[in-house]
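In case you want the letters, here they are:
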Number of protein chains: 8
Amino acid sequence: MAKSTAKRTARKPAVGLIMGSQSDWATMRHAAETLEALGVPFEARIISAHRTPKRMMSYAAAARGRGLKVIIAGAGGAAHLPGMTASMTPLPVLGVPVESAALKGQDSLLSIVQMPAGIPVGTLAIGRAGAVNAGLLAASIVGLGDVKIMAALERWRARQTDAVAKAPSDEVATPHR
Amino acid sequence: MAKSTAKRTARKPAVGLIMGSQSDWATMRHAAETLEALGVPFEARIISAHRTPKRMMSYAAAARGRGLKVIIAGAGGAAHLPGMTASMTPLPVLGVPVESAALKGQDSLLSIVQMPAGIPVGTLAIGRAGAVNAGLLAASIVGLGDVKIMAALERWRARQTDAVAKAPSDEVATPHR
Amino acid sequence: MAKSTAKRTARKPAVGLIMGSQSDWATMRHAAETLEALGVPFEARIISAHRTPKRMMSYAAAARGRGLKVIIAGAGGAAHLPGMTASMTPLPVLGVPVESAALKGQDSLLSIVQMPAGIPVGTLAIGRAGAVNAGLLAASIVGLGDVKIMAALERWRARQTDAVAKAPSDEVATPHR
Amino acid sequence: MAKSTAKRTARKPAVGLIMGSQSDWATMRHAAETLEALGVPFEARIISAHRTPKRMMSYAAAARGRGLKVIIAGAGGAAHLPGMTASMTPLPVLGVPVESAALKGQDSLLSIVQMPAGIPVGTLAIGRAGAVNAGLLAASIVGLGDVKIMAALERWRARQTDAVAKAPSDEVATPHR
Amino acid sequence: MAKSTAKRTARKPAVGLIMGSQSDWATMRHAAETLEALGVPFEARIISAHRTPKRMMSYAAAARGRGLKVIIAGAGGAAHLPGMTASMTPLPVLGVPVESAALKGQDSLLSIVQMPAGIPVGTLAIGRAGAVNAGLLAASIVGLGDVKIMAALERWRARQTDAVAKAPSDEVATPHR
Amino acid sequence: MAKSTAKRTARKPAVGLIMGSQSDWATMRHAAETLEALGVPFEARIISAHRTPKRMMSYAAAARGRGLKVIIAGAGGAAHLPGMTASMTPLPVLGVPVESAALKGQDSLLSIVQMPAGIPVGTLAIGRAGAVNAGLLAASIVGLGDVKIMAALERWRARQTDAVAKAPSDEVATPHR
Amino acid sequence: MAKSTAKRTARKPAVGLIMGSQSDWATMRHAAETLEALGVPFEARIISAHRTPKRMMSYAAAARGRGLKVIIAGAGGAAHLPGMTASMTPLPVLGVPVESAALKGQDSLLSIVQMPAGIPVGTLAIGRAGAVNAGLLAASIVGLGDVKIMAALERWRARQTDAVAKAPSDEVATPHR
Amino acid sequence: MAKSTAKRTARKPAVGLIMGSQSDWATMRHAAETLEALGVPFEARIISAHRTPKRMMSYAAAARGRGLKVIIAGAGGAAHLPGMTASMTPLPVLGVPVESAALKGQDSLLSIVQMPAGIPVGTLAIGRAGAVNAGLLAASIVGLGDVKIMAALERWRARQTDAVAKAPSDEVATPHR
């Protein structure tokens, strides 16, 4: 990804990509890259539930009015950003559990997915895979009302299918999971 | 909920509510009731990834063409229904981990949420809370293109907020979590 | 405990005892009873991080000005109330993980205790024991500036020590842990 | 193992060794090497439940007709390949949980082993040990109808027993577990 | 199941169904019933790795010579029966983790599945589902050399598929998972 | 067990059986019964690490001088009694994790077994099985210097072996694990 | 932090910062640095519950008389220092679970937080975050009776809020969590 | 430790130190060093429950007759060596869970500690700490009948207590836990 990923395009964003700290960007940039690859306009922001609660409230409260369709929120440890954002907007909120140092994201996962009845967060896998998938799921939601994005998603999925080799190779460097 | 919840209305369904077995209905009916309360048309089906794999494939492959917008899939144990459905449709798929006998849904949760990069499932909480929230999240996704549903969702949320008492009461029977 | 525990005394409260829902009262009343036994004035409120986020913000923001010294917050599942309250007040916040249905409070515990550096929550044990201990810890904090409460706490602890029998008895009905 | 392990012999394969991605080969090659050492003909294929569901269905449906006796399936995370393959063939299916990045294969293990009643997967240990053992178990199953393979397996086991030293040595480099 | 299930038929057994104690029979009888339904001759024995280690050794050492093809071993807690049996016979051994009192079979599962490289145990799910599936997997292994059993297995699977209802019903009593 | 189990015999005790509270007696009485069956003289005491720390120190410091050979300590939750006792006596200390309400003894187990290098606690299983086994292990330690006790232990083990039935029975009421 | 952090200032300490071993200092120094940054006088001591139980008792028993207001105790594995200290002083005790080698602090966390009703420990997160937060929470407790410290805490929190960037940057080196 | 640790002295061994494989020696040598430091004669052997079951049986059956007093058994993963050895000797058996690759010794711990009622294993901590402590606990058991060893143990413990520094130091290299 080029340096410019963090600074987003002129098109009005459909997806708000928020995260608890700069350190989460190493994970969440995979969501950004995926959205970019699918042509989904987005904005990326650092919003800490704990260190900037007012910024979180303003962002969540204004999100729908600003035209956002989906919010992707990534956080680690006692990860409150996705659930608290969901409590303040009727937009769909997707949560990405960032891998934490000691508990490897088990705390992040449970803090995000185990929301009580009434306020949902659509939760993805811990870490990079979850960030990529948050981008894909956001695209499929936005794509319900945008045939170009849905078509891009289908091309992306077809390419993914075609890229699976028939048999394992001893020569290929093992990619990271 | 009246007996008729399992048999759905004449309106074309926007949400496909599928589950691995009849025993999952005790959990998933809470998704049905929520969709019903919000006026989101849906259909409910039993589709077992393991016992009826062909039914699953047909359902997933046809879902978008039939006009479905979102699929909610509930399953327990080694729960493959949400992920496999997601592998065969570009529609957003939401997963509900049904509480399992021995491991209390920990197996269900990990089998659904830990999808590899490429095929997302938006996962909700284990059990009843997750089923209710799958209904709410589906409504918010469908509501992006349907102002009536979005309005119903906002009213539902406002009523929920208003229903929270100021102080705990010794007289109130404790509702189940 | 008499019915009147939930409605508190005329003395200005030193401790704010808040919880996410009426169902948490079955656990949190043990904190109330402990504070009452030690003569610590308190108020009990239902404040849901997810269903009443604005109420939570108002409460947390006003707490110090209203003369509260300590806040005890109990919640279950993806329990965000203690951490979010702590993000909006410099007062000490104590968290009680309420036992959840499927994961038995493991989710509640991690959601409360694994706070990132910057915003602390002093976390107690899951369930009744944690609620009792939140009351005791709040009393010891308030007691640092109130010799009567510290004396009451020491008497309570001495009585507790004296109440431990020398040897186990087959006749005694086993109390619940 | 020589480079040629991934490309298999001319003999008709008795074991189908499938895995979700090239990255799983680092683990699953230990199954291949074990089968090779025991003279069990096999084929190795990449088949992703999520990225290539149709390839999976074709492979599973054709397996018995093509003369395969056993299928070994390795996958990580929300690992659906073993269970889904088992849902489409009456052949014995053995599952190898590949170690995942964040949860160290706990998700892989539960996703494979916790199959509901009706569709079995014989599950081995997480990682390399499981892959070796899948090869051994497949050999013992094939060996029930092939005395040469059963004899080879018994020789392999006898050599293994003989190779255990009497006492630990400070000089020996510690082999990886 | 009739009382006579525990006392087996005159046909020479192909499957040895062993368990650590009488208390495991409540789980393991589901394996017995499944084998019976598929026409697989078997014998059922109590063999405790810890309380009757010599019986275990004799049984395992003699198993192949007596004509057994597969051993199913069920045990709970620190469950050593499956692995120790596998260490003394080249026959395929399948393990069923019986649900334990405190840890709900998590100890049983890890004690059975995490075998070191060299001695495999094909492990099934915790509890009843695992017992049923051990019966099915044993049948598919025996069926590789017995067309009648393989045909019975296929009919069983077809009936299972046909038995899945199209839609959930409010009238049906929820069966246990 | 007769009511008199908690009040012990005139013989000088060889084993000190201590526990954190009266509620632990339901578990620890199984240790008492086992010691009684083997003729090992013992005393039973309630000693709470947290509520009676001074009693714990006195007991541990005096234990060896009073002629005790082994201490069995049972406790639940954040179970500090076994480890703290071991820190104040060179006698062998055995720990029994009592099953806790929310975490089912996982907290008790880790709090007892994960002692740092320098102060050992020989830990048994969670709950009743662990209590029985603490009695047996204490007997085998005391038996190293008392042939009568070692002989009683061997008879007990032989009877246990003889009591294992050959085959499971549908008629036998399932004993609890 | 300068080398002099471990040797403390002339002002009478308000916080006793104790830890089980020198190796815990790598974690607990973050508590020291936080207290230092907020102007809270403290002392740092090594006190091992298991290796120096008498030192622990003396320290805990004398703490209040010496003018300490709060004790912060850090330990790993079967971490008994926080709970045992709390059993011998009415002062508020805060516990920091130090990350352990094998179980990554899960044992430390449960050994500290799961205290039985009667003796509370206010527990913070595993590792560095918990140590920083123990410092902050101690400051807020001491600050209830010291307006300078409360003011320092509020400035610290305001600076923390101001330091959160608006958007993630590809240029910034990712700080450790 | 000198190279000669693995080859033991002429004195008749009181402790049998056995382990499942050469790779366990990296952990178990800490038990050997501890026994050596305390003057407890021992022998070290590799005995694999799974790869050399007959060697295990012979060793366990002969242990008491050969004059051994205690057996220390270390193993990892599905660790059956301690429990199986205990099933074949009335001597006290101590188990050391060796840290496993994927699950970090959680499988080893549960496989060793969760023994059913009837056959005890005194279990120590995972890894190095557990190995050191197995040596100490064996010494305290042997020391009950050997005043020289008990005296050596007491000196060792006193030195350990004396070696704890008063305060943490920034200069000291952090020792590994």
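This is a predicted model, so every value here is computed, not measured. (Residues numbered from 1 in each chain as written. Chains lettered and ligands numbered in written order. Predicted model: local features only at pLDDT ≥ 70, side-chain atom pairs only at ≥ 80, totals over all residues. Heavy atoms only, no water.)

Caption draft 1: Quick peek at the overall build of chain A. If you tally the helices and strands in chain A, you get six helices and five strands. Viewed in the frame of its principal axes, chain A has a C-alpha envelope of about 50 × 40 × 35 Å. A total of 177 residues make up chain A; the buried ones form 68% of that total. Within chain A, contacts between residues separated by at least 24 positions form 68% of all contacts whose residues are at least 6 apart in sequence. (Helix = DSSP H or I, 4+ residues; strand = E, 2+ residues; numbered from the N terminus. Buried < 20%, exposed > 50% of the residue type's maximum accessible area, 1.4 Å probe, protein only. Contact = heavy atoms within 4.5 Å.)

Caption draft 2: View of the UniProt feature "binding site: substrate" (unreviewed entry) in chain A. Residues and elements named next belong to chain A. In this numbering, the UniProt entry assigns the feature "binding site: substrate" (unreviewed entry) to Ser21, Asp24 and Arg51. In three dimensions, the annotated residues from a span of 31 residues occupy one location, with a maximal C-alpha spread of 14.5 Å. Relative to the helices and strands, Ser21 is located in the loop between strand 1 (15-19) and helix 1 (25-37). For Ser21, a relative accessible area of 15% gives the class buried. Residue contacts for Ser21: discarding those within four places in its chain leaves Ile46 and Arg51. (UniProt positions renumbered as here; feature names shortened; annotations may be inferred.)

Caption draft 3: Representation of the interface of chain A and chain B within the structure. On the chain B side, the residues contacting the 41 residues of chain A number 41 residues. When chain A packs against chain B, the two sides together hide about 3100 Å² of surface, and 61% of this comes from carbon and sulfur. Put simply, chain A and chain B have two salt bridges between them. A salt bridge links A:Glu154 to B:Arg64, with the shortest nitrogen-to-oxygen separation between them at 2.8 Å. Our enumeration of links across chain A and chain B arrives at 21 residue pairs in polar contact (both at pLDDT 80 or more). By residue number, the principal contributor to the side of chain A that touches chain B is helix 5 (residues 128-143) of chain A, which donates eight residues. (Buried area = accessible area lost by both parts, 1.4 Å probe. Salt bridge = Lys/Arg side-chain N within 4 Å of Asp/Glu carboxyl O. Polar contact = N/O pair within 3.5 Å; in protein donor to acceptor, adjacent residues only side chain to side chain.)

Caption draft 4: Quick peek at unusual backbone geometry. The phi torsion at E:Lys104 lies on the positive side, around 60°, for a residue other than glycine. Mapped onto the fold, E:Lys104 is located in the loop between strand 4 (93-98) and helix 4 (106-113).

Caption draft 5: Structural context of the side chain of H:Ser23. In this fold, H:Ser23 is placed in the loop between strand 1 (15-19) and helix 1 (25-37). Engagement of the side chain of H:Ser23 in a polar contact is seen with the side chain of H:Ser21, the distance being 2.7 Å.

Caption draft 6: Quick look at the environment of C:Ser87. Tracing the sequence through the fold places C:Ser87 in the loop between helix 3 (81-86) and strand 4 (93-98). Here C:Ser87 falls in the buried class, since its relative accessible area comes to 8%. Along the primary structure C:Ser87 and C:Ala60 are separated by 27 residues, whereas in three dimensions their C-alpha atoms are 8.5 Å apart. Among all residues touching C:Ser87, those that are not within four sequence positions of it are A:Ala49, A:His50, A:Pro53, C:Ile119 and G:Arg157.

Caption draft 7: Quick peek at the relation of the copies chain A and chain B. Mapping chain A onto chain B leaves a residual RMSD of 0.0 Å; the transformation is a rotation of 180° accompanied by 0.0 Å of translation along its axis. Taken together, the rotation and translation describe the operation of a two-fold axis. (Least-squares fit on C-alpha atoms with pLDDT ≥ 70 in both.)

Caption draft 8: Fine view of the arrangement of the chains. The two units chain B and chain G are non-contacting; their minimal C-alpha-C-alpha distance is 17 Å. Contact between chain A and chain H is absent, and the minimum C-alpha spacing across the pair is 13 Å.

Caption draft 9: Fine view of helix 2 (residues 53-63) of chain H. Among all positions of helix 2 of chain H, only H:Pro53, H:Met56, H:Met57, H:Tyr59, H:Ala60 and H:Ala63 are buried. The buried residues of helix 2 of chain H occupy an angular sector of 170° when projected down its axis, which confines them to one face. Across from the buried face of helix 2 of chain H, at angles greater than 90 degrees, the exposed residues are H:Lys54 and H:Ala61. Against the buried residues of helix 2 of chain H lie helix 2 (53-63) and helix 3 (81-86) of chain E together with strand 1, strand 2 (42-46), strand 3 (70-76) and helix 3 (81-86) of chain H. (Arc of directions from axis to C-beta.)

Caption draft 10: The arrangement of the pattern of salt bridges in detail. In this structure the tally under the stated criterion is 40 salt bridges over all chains. With a closest N to O distance of 3.7 Å, A:Asp170 and D:Arg29 form a salt bridge. On the criterion of chain membership, the pair formed by A:Asp170 in the segment after helix 6 (147-162) and D:Arg29 in helix 1 (residues 25-37) is interchain, its members lying in two chains. According to the relative accessible area criterion, D:Arg29 is partly exposed, its value standing at 21%.

Caption draft 11: Layout of the pairing of strand 4 (residues 93-98) of chain F. Residues and elements named next belong to chain F. Most of strand 4 sits inside the fold, with six of its six residues counted as buried. The two faces of strand 4 match: Val93, Gly95 and Pro97 on one face and Leu94, Val96 and Val98 on the other face are all buried. Sheet analysis places strand 3 (residues 70-76) next to strand 4, joined by six bridges and oriented parallel. Note that in strand 4 the partner of Ile71 across the bridge is Val93. After leaving strand 3, the chain enters helix 3 (residues 81-86) and then returns to the sheet as strand 4, a path that is right-handed. In this structure, strand 4 lies alongside strand 5 (residues 122-123), joined through two bridges in parallel fashion. (Pairing = 2+ DSSP bridges. Right-handed = clockwise from strand over helix to strand, strands pointing away.)

Caption draft 12: Structural detail: the confidence of the model for chain A. Residues and elements named next belong to chain A. In this model, chain A carries a mean pLDDT of 93, and residues with pLDDT of at least 70 account for 91%. In the predicted structure, residues 1-8 sits below a pLDDT of 50 and forms 22 contacts with residues beyond four places in sequence or in another chain. Scoring of the predicted complex yields 0.94 for pTM and 0.94 for ipTM. (pLDDT = per-residue confidence, 0-100.)

Caption draft 13: Local environment of the environment of H:Val142. Residue and element names in this part refer to chain H. Assignment of secondary structure puts Val142 in helix 5 (residues 128-143). A residue is classified by how much of its surface remains accessible, and Val142, at 10% relative accessible area, is buried. Through-space distance from the C-alpha of Val142 to that of Val40 is 8.1 Å; in sequence the pair is 102 residues apart. Among residues more than four places away in sequence, those in contact with Val142 are Ala14, Val15, Lys69, Val70 and Ile149.

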